[in-house]
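Residue-level listing of the chains:
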Amino acid sequence: MDSNKKYWKGLEELNKTPEFVEKNKHEFAEPIPVEEVLEGGSLFGKTPRRDFLKALGFGVGAVTLAACQKVPVHKSIPYLIKPEEVTPGVANYYSSSYDGHAILVKTREGRPIKIEGNPNDLLSKGGLSGQAQASVLDLYDSNRIQNPKQDGAEVDWDSIDTFIKGELSAIKAGGKKIAIVTSTINSPSTLSVIADFIAAYPTAKHVTYDAVSYTGIIQANQNSFGKAVLPHYNFDKADVIVSFGADFLGTWISPTEFIGQYVKNRNNKSLQSKKMSRHIQFESGMSNTGSNADVRIPIKPSEEGIALINLYNAISGTTLPGSKKLDNLPAENAIAVAAAELKAAKGKALVVAGSNDVAVQTLVNSINSLLGSYSSTIDLDNASNQFIGNDAEFVELVSDMNNGAVDGVFFLDTNPAYDYHNPNAIKAALKKVRLKVSFARNNEETAALCNIIAPNHYYLESWGDSNSLAGYYTVVQPTINPVYNTRQAETSLLEWSNGTFKEYYAYVRDNWDKKLLALGGLTGLKGWETLLQTGYVKVADKTATAYTTNHDLTAAAQTILAHSAELAAGKVELQLYQSIAMRDGKRANNPWLQELPDPVSKVTWENFAALSPVYAKSLGLEQGDIIKITANGYTIALPVLLQPGQAQGTISVAVGYGRTLAGPVGEGKGQNAFPFNTFRNGAFIGTAVATIEKTGEQSELAQTQTHHSYEGRNSIIRETTFTEYKKNPYAASGHFDEHKTYSMWDEYDHPTYNWVMAIDLNACTGCGACVVACSAENNVPVVGKDEVRRRREMHWIRIDRYYSFNKGGDLVTKESEINQLSDANMDNVSVVYQPMLCQHCDHAPCETVCPVLATVHSSEGLNHMAYNRCIGTRYCANNCPYKVRRFNWFNYWNDARFDNYLQGEHTQLVLNPDVVTRFRGVMEKCSMCIQRIQAGKLKAKMEKRSVKDGDIKVACQQTCPANAIVFGNVNDPKSEVAQALKSERTYYVLEELNVQPGIGYQVKVRNRTELEA
């Protein structure tokens, strides 16, 4: 129904700003600097690369030595394959764990080069986040702490051990407190080590502090059900989902797992059964989850609690004291609709909220209790262990330190001097502590305040385990020997507590032999080896209980209303959020993540102040204007981003930026927003009353979205409603469009293999994991903020984000209609995501214009690039209607001027040796992971069989948590890709050009009514 709907990538395209129009006249932002190329110059003149390596870069010579040693220290078992020695040219896969998910680590010649999802992982079924994909790069960060330090000077481990043991003995004799401060730990073995340490030093206490807290949910469950746990949510069991600011497809709790659950009721299989879940989102800023919702309603933070109270009243048939209607009429109407639909879906309904306010979460518990959600969509008996921090305990610890009651503090995987709401209080309190120990791997703000740094191994160098979900245990095993003179934190704690075990491997093995192997029906050495091969064990789930609560909500409602009134009294309501790339900022020095475009804003390398275009206009602000934001006595300056869909009178700012000690890639990128947090009722709340002030300065954001123009063509996106889809599944895909085509190309067959791809727009959430996976697999360079501003980003796959207007029951299809819309319509926009990569057209227009035949078509339907042949005319990019070719303006992969990951002399060890690195003046683009295709064919040949469907998975497909991307041989009619392309929703982008692309897309379907469309 919506094939003629007007779509626009960004406000500059919608408003046809002079700058956009001018840049759009030219295929490329700048001409090739021919003279400079011939002279051998670079971006800012000549700067010898190796002179720069010592100041900035990743990788060290120690990596080479570590990789060449016998890997690993103890007998690690590669996944399925058990080679006696490392075989050059042959990859080994080791099972491990990242963030509680079972993963596979690909190694070449003893060095990890790629993280893959374990297809048997019970949480994400092989899908991975961009954070997980990028984690391999941190191993090679030359900014890691390479030796233990005491008072800033490097010392040996014996000296560290002697000093700390002496200090601990003195503290123990004095009777003062010792604190072990960690982020959430769900490793059974690590928790056991900490318990042993506390047994040796009885005044010690383990305090869990998470930079982004979920204390509100945990405490609310304690209040409502007597269970202080974080629930396990089952979005796949929900027919109706109503979310209040919970970005569960982006950053909330376990998004990689939730994405897989969410799309089960919205993908090809579900739609073919004429079934689709319904998702309504209330939120202030445009989140990744909100952009995927069927219906999204912008509300202020001050309105969120009131909306929840009204939802409870509508479902329960009662009226809580102090209840009042919202001034926001669309939100008030949507609450009535949501209440009716939730009641109709009782037992298969789910309400979630992103707030960390205990009162808000207590109210959410009561709503879900009324809906019968417990035991179905919410499981309290098989709880999540992913975030178990206690905000009040950490605040109490800071107070105790300040009062001189604490003489020893240990920091493990936590950095409160950066992410605490009052970092000055941390600095002042630590001055009064006698022994301050950090296990930091990298220089960081908290480690700089400690007198001892005992650097921890990276997880790829470590032994360990994880229990992120009740009954699900994964193992961590090293894939390389320690690169530096580091030591696993658990080994240090064992040494300092004078325990029986001196080595953590033996401790882990003993713990599994005595307690955990039996849970999976395993025993002895064979059981241990089986565990290392599979990577996990699973215990049968407990029977989920149908919990109900009769908790008195009067106090909770009054707390919510008081907070709402406080926020509404201010001029601007500030809301903090996590970006998908940076999350809490621990990975700020990772350039893959810094250059990953935010799914909604498409901004890279910094955070910003997101304002509604209408609200910004009323304040006299334009995009790029730098404003001062003040809240809670703290001020930062950020550039303005005009964000359609942002609630009026609100401002959204991402945390995780503004690091002052992280490494040259992460330092000075954006501003630290964590101090805007407020400690309220035992938890940290990310909303505040703010004021903003225009500075008169401007800064151009490094946005990627409108860099690739389709010259006004509007057949790119096709979408429909679920109602229309059920009436006519073929209508939106344009299957009935008939037009005569003319071809300049000879027709030919692909007799054996015809490699194609199918992408389901209904499954794709725009998370960007595929972008990072592609970069890791194909050695795609990072170019840095300035080059992104010049439209020179190099990603082979991009996620295009399109806006469209909603206007009552009328489709906004014409530009004249858009011009007649009121400013208020900017609040009511829909978003569609579209992965865009080389389409490998059978009638490829790039091939016919290349003067040197650098780009040619294969007999298997792929468009190849011969890099050595390319002379960089860019004719192919000019002739590509999809704008998916990239030009190497410089040797990004080894040029010291760029915020790249390959500037270190040995960081190139992270490169995939099966993929050549490209050089200056050469075009590059998606190859459909040709190296993986060849490897799959070779393996089948060695096994004397034909290639089976599923043997070959390209990197973007392999990591996608939504399984939105399917690749394979369409000549096999039973293949998954052949079946997907037969879908009635399949269409081809710019099909009218008759370039015969090899990638078919499935129409986006939203479960909304005609009035909502």
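None of the values given here were measured: they were computed from a predicted structure. (Residues numbered from 1 in each chain as written. Predicted model: local features only at pLDDT ≥ 70, side-chain atom pairs only at ≥ 80, totals over all residues. Heavy atoms only, no water.)

Here's the deal with the packing of helix H13 (residues 301-316) against helix H22 (residues 554-568)
Stage number 1. Where H13 meets H22, the closest approach of the two axes is 7 Å, and the angle between their N-to-C directions is 150 degrees. For the element pair H13 / H22, the angle class is roughly antiparallel. Read as a crossing pair, H13 and H22 show a hand that is left-handed. Of H22, the residues touching H13 (which contributes Pro-301, Ser-302, Gly-305, Ile-306 and Ile-309) are Ala-557, Ile-560, Leu-561, Ser-564, Leu-567 and Ala-568.
Stage number 2. Grouping the constituent residues of the contact of H13 with H22 by class yields eight nonpolar, three polar and no charged. (Axes fitted to C-alpha atoms, helices over the stretch in contact; angles between N-to-C directions. Helix = DSSP H or I, 4+ residues; strand = E, 2+ residues; numbered from the N terminus. Parallel < 35°, antiparallel > 145°, perpendicular 65-115°, else oblique. Left-handed = near helix turned anticlockwise from the far one by under 90°. Contact = heavy atoms within 4.5 Å. Nonpolar A, V, L, I, M, F, W, Y, C, P; charged D, E, K, R; others polar.)

Thoughts on the sheet that holds strand S11 (residues 295-298)
Stage number 1. Reading across the sheet, the four strands line up as S11-S10-S9-S12 and stay open at both edges, with parallel pairing between neighbours. Each edge of the open sheet is held by one strand with a lone partner, namely S11 and strand S12 (349-353). Shown here is a sheet whose adjacent strand axes are inclined to one another by a mean of 10 degrees, direction ignored.
Stage number 2. Bridging between strand S9 (residues 240-244) and S12 involves five bridges; their strand directions are parallel. (Pairing = 2+ DSSP bridges.)

Side note on the pattern of salt bridges
Stage number 1. As enumerated under the stated definition, the model contains 37 salt bridges in all.
Stage number 2. The residue Asp-138 makes a salt bridge to Arg-587 at a minimum N-O spacing of 2.5 Å. Residue Asp-138 is located in helix H6 (residues 130-138), and its partner Arg-587 is located in the loop between strand S20 (572-578) and helix H23 (591-594); the two are separated by 449 residues in the primary sequence. Grouping residues by exposure puts Asp-138 and Arg-587 together as buried.
Stage number 3. The shortest N-O distance in the salt bridge between Lys-514 and Asp-510 comes to 3.3 Å. Linking Lys-514 with Asp-510, this pair stays in helix H20 (residues 504-516), spanning four residues, or about one helical turn.
Stage number 4. Connected through shared salt-bridge partners, Arg-108, Glu-109, Arg-111 and Asp-914 make up one network. (Salt bridge = Lys/Arg side-chain N within 4 Å of Asp/Glu carboxyl O. Buried < 20%, exposed > 50% of the residue type's maximum accessible area, 1.4 Å probe, protein only.)

Some points on helix H15 (residues 358-370)
Stage number 1. Helix length check: H15, at 13 residues, gives a terminal C-alpha distance of 19 Å against a target of 18 Å (1.5 Å per residue), a fit within 8%.
Stage number 2. For H15, the buried fraction is high: twelve of the 13 residues fall into the buried class.
Stage number 3. Tucked into the core, H15 has its buried residues touching helix H9 (215-225), H13, S12, strand S13 (378-384) and H22.
Stage number 4. Looking at where H15 begins, the residue whose side-chain oxygen comes 2.8 Å from the main-chain nitrogen of Ala-359 is Asp-357.
Stage number 5. Note on H15: the residue one or two positions beyond its end, Gly-372, has a positive phi of about 70 degrees. (Expected span 1.5 Å × (residues − 1). Polar contact = N/O pair within 3.5 Å; in protein donor to acceptor, adjacent residues only side chain to side chain.)

As for the environment of Gln-623
Stage number 1. Following the sequence through the fold, Gln-623 ends up in the loop between helix H24 (613-618) and strand S23 (625-631).
Stage number 2. For Gln-623, a relative accessible area of 29% gives the class partly exposed.
Stage number 3. Here Gln-623 is in contact with Val-640, Leu-641, Leu-642, Gln-698, Leu-701 and Gln-703, once residues within four sequence places are set aside.
Stage number 4. Within polar-contact distance, the side chain of Gln-623 engages the backbone nitrogen of Leu-642 at 3.0 Å.
Stage number 5. Side chain to side chain, Gln-623 and Gln-703 meet in a polar contact 2.7 Å long.

Structural notes on H9
Stage number 1. A large share of H9 lies buried, amounting to eight of its eleven residues.
Stage number 2. Every buried residue belonging to H9 is among Thr-215, Gly-216, Ile-217, Ile-218, Ala-220, Asn-221, Ser-224 and Phe-225, and all of these are buried.
Stage number 3. Buried residues along H9 sit in contact with strand S8 (230-233), H15, S13, helix H16 (391-402) and strand S27 (683-685).

Side note on the sheet that holds strand S15 (residues 435-438)
Stage number 1. Read from one edge to the other, the open sheet built from seven strands follows the order S5-S4-S16-S15-S14-S6-S7, with strand pairing classed as mixed. The sheet is open, and its two edges are formed by strand S5 (153-154) and strand S7 (204-208), each paired on a single side.
Stage number 2. Relative to S15, strand S14 (residues 406-412) runs parallel, the two sharing four bridges. Among the inter-strand pairings, Phe-411 is bridged to a residue of S15, identified as Ser-438.
Stage number 3. Contacting strand S6 (177-182), S7 and S14, helix H8 (residues 188-200) runs over the sheet at an angle of about 145 degrees to S7.

Focus: the packing of H13 against H15
Stage number 1. Here H13 crosses H15 at 25 degrees, and the two axes come no closer than 10 Å. In terms of axis orientation, H13 runs roughly parallel to H15. At the point where H13 passes H15, the crossing takes the left-handed sense. Packed against H13, whose contacting residues are Gly-305, Leu-308, Ile-309, Leu-311, Tyr-312, Ile-315 and Ser-316, the element H15 presents Val-360, Leu-363, Val-364, Ser-366, Ile-367 and Leu-370 at the interface.
Stage number 2. In terms of residue class, the contact of H13 with H15 is built from ten nonpolar, three polar and no charged.

Here we look at unusual backbone geometry
Stage number 1. Look at Ser-375: it is not a glycine, yet its phi comes out positive at around 90 degrees.
Stage number 2. Of note, Ser-375 is situated in the loop between H15 and S13.
Stage number 3. For Asn-498, which is not glycine, the phi torsion reads 55 degrees and is therefore positive.
Stage number 4. Looking at the secondary structure, you find Asn-498 in the loop between helix H19 (489-496) and H20.

Some points on the confidence of the model for the chain
Stage number 1. Mean pLDDT over the chain works out to 88, with 87% of the residues at or above the 70 mark.
Stage number 2. Considering only residues more than four positions removed or in separate chains, one finds that residues 37-57, a stretch of pLDDT under 50, has 40 contacts.
Stage number 3. Segment residues 808-820: pLDDT under 50, and 24 contacts once partners within four positions in sequence are set aside and those in other chains are kept. (pLDDT = per-residue confidence, 0-100.)

A few points about the packing of aromatic side chains
Stage number 1. Under the criterion given, the structure shown has 37 aromatic pairs.
Stage number 2. With 6.4 Å between their ring centres and 40 degrees between their planes, Tyr-233 and Phe-235 make a pair best called tilted.
Stage number 3. Note on Tyr-233: relative accessible area 6%, which makes it buried.
Stage number 4. For Phe-235, a relative accessible area of 0% gives the class buried.
Stage number 5. Both rings, one in Trp-463 and one in Tyr-505, keep their centres 4.7 Å apart while their planes meet at 55 degrees; by these two values the pair is tilted. Taken as a pair, Trp-463 in the loop between strand S16 (452-453) and strand S17 (464-469) and Tyr-505 in helix H20 lie far apart in primary sequence, 42 residues in all. (Phe/Tyr/Trp six-rings, centres within 6.5 Å; stacked < 30°, edge-to-face > 60°.)

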